[in-house]
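# Chain and residue survey
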Amino acid sequence: VRGCHSNCHAPCKMQETFENSKFKRCSAFRYVKTEVELTSPSDRDEFLLHFQEQMCPFHTDEDGGEGTNYFTILKARDRFRFKSHSFLEGADVSVPGAGTGSGLAALEHVMAVKFPVTITIRDESEQDKCKRCEHHRRFHYHDAMYWKKVDQSERS
C-alpha cells in the first residue's frame, strides 16, 4: 500500500510468495480479539458452557517454525453468542495475569478470576484485515522484491 511502511511483525519466517491467501495463517491476520466482561460467577458459568479443555500444539515462533510446545487451554466447542457477540468454533480465551505458557487460559485460570474481570476471546472470524497496519490482505506480499533483509552492520 502506497505510504504504508509498516512491518507486520519481525522476524518473519513465512515462505516468500505472491499467493496472499497464505497470509491467513500469519499472526498479523489470523485472529480477531474481543473483550467481554464477566461480572459474576453465573456470568462465568454461562460463558464456560461453550468451552472445553483441549491439549493444543504451539509453535515456538509466530509462523509455525521449528519446535512445538503443548498446552491445555479452553477452546469453544461450537459457534456461540455471549454478551451480544458471536464467536466461532475453536475460539480461545485469555485472562489478565493468568494463563499457560501459551498466554491462553485453561479452566483453572477462568475459575480463579475475581469479579468483575475483562477477558479476551479470540477467533478466526475476520482474516482479511492486517491487525498491524489495518490494510486488506490483498495488499500484502511476501517476496524478495518487496521484502529485503538489510544487515544493520552494513549501514553507515
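So, how was this worked out
- Residues numbered from 1 in each chain as written.
- Predicted model: local features only at pLDDT ≥ 70, side-chain atom pairs only at ≥ 80, totals over all residues.
- Heavy atoms only, no water.
- Helix = DSSP H or I, 4+ residues; strand = E, 2+ residues; numbered from the N terminus.
- pLDDT = per-residue confidence, 0-100.
- Contact = heavy atoms within 4.5 Å.
- Buried < 20%, exposed > 50% of the residue type's maximum accessible area, 1.4 Å probe, protein only.
- Arc of directions from axis to C-beta.
- Salt bridge = Lys/Arg side-chain N within 4 Å of Asp/Glu carboxyl O.
- Phe/Tyr/Trp six-rings, centres within 6.5 Å; stacked < 30°, edge-to-face > 60°.
- Core = buried A, V, L, I, M, F, W, Y, C linked by side-chain atoms within 4.5 Å.

### Observations regarding the environment of Phe58
As for its placement among the helices and strands, Phe58 is situated in strand β2 (residues 51-59). In sequence terms Phe58 and Phe71 are 13 residues apart; their C-alpha atoms lie 7.5 Å from each other.

### Describing the confidence of the model for the protein
Low-pLDDT stretches of the model should not have their predicted coordinates read in fine detail. The pLDDT averaged across the protein works out to 78; a share of 66% of its residues lies at or above 70. Looking over the protein, one finds the lowest element-wise mean pLDDT in β2, namely 87, and the highest in helix α1 (residues 41-48), namely 97. Overall, residues 143-148 carries pLDDT values under 50, and its contacts beyond four positions in sequence, including any with other chains, amount to 11 contacts.

### Thoughts on α1
The α-helix winds at 3.6 residues per turn, so residues separated by three or four positions along the chain end up facing the same way. Among the residues of α1, those classed as buried are Asp43, Arg44, Phe47 and Leu48. Considered in projection along α1, the buried side chains sweep an arc of 130° and stay on one side of the axis.

### Digging into the pattern of salt bridges
Within this structure, the stated rule accounts for 3 salt bridges. As a salt-bridge pair, Lys83 and Asp43 come within 2.7 Å of each other at their nearest N and O atoms. Here Lys83, found in the loop between β4 (80-82) and β5 (85-87), pairs with Asp43, found in helix α1; they are 40 residues apart in sequence, far enough to count as distant. Assessed through its relative accessible area of 11%, Asp43 is described here as buried. The shortest N-O distance in the salt bridge between Arg44 and Asp45 comes to 3.5 Å.

### Describing the packing of aromatic side chains
Applying the stated criterion to the full structure yields 4 aromatic pairs. Among the aromatic residues, those joined into a ring-pair cluster are Phe47, Phe51, Phe80, Phe82 and Phe87.

### Let's talk about the nonpolar core
Phe47, Phe51, Phe82, Phe87, Val93, Val95 and Ile119 are the most contacted members of the largest nonpolar core, which has 19 residues in total. Within the residue set of this core, elements represented by two or more residues are β1 (32-38), α1, β3 (68-76), β4 and β7 (117-123). Within the second largest apolar cluster, 5 residues are counted, among which are Phe23, Cys26, Cys130 and Cys133.

### Brief notes about the environment of Ala91
Tracing the backbone shows Ala91 in the loop between β5 and β6 (92-94). Given the relative accessible area of 0%, Ala91 is considered buried. In sequence terms Ala91 and Phe51 are 40 residues apart; their C-alpha atoms lie 8.6 Å from each other. Apart from the residues lying within four places of it in its own chain, the contact partners of Ala91 are Phe51, Leu74, Lys75, Ala76, Ile121, Arg122 and Asp123.

### Quick word on the environment of Phe80
Looking at the secondary structure, you find Phe80 in strand β4. A residue is classified by how much of its surface remains accessible, and Phe80, at 5% relative accessible area, is buried.

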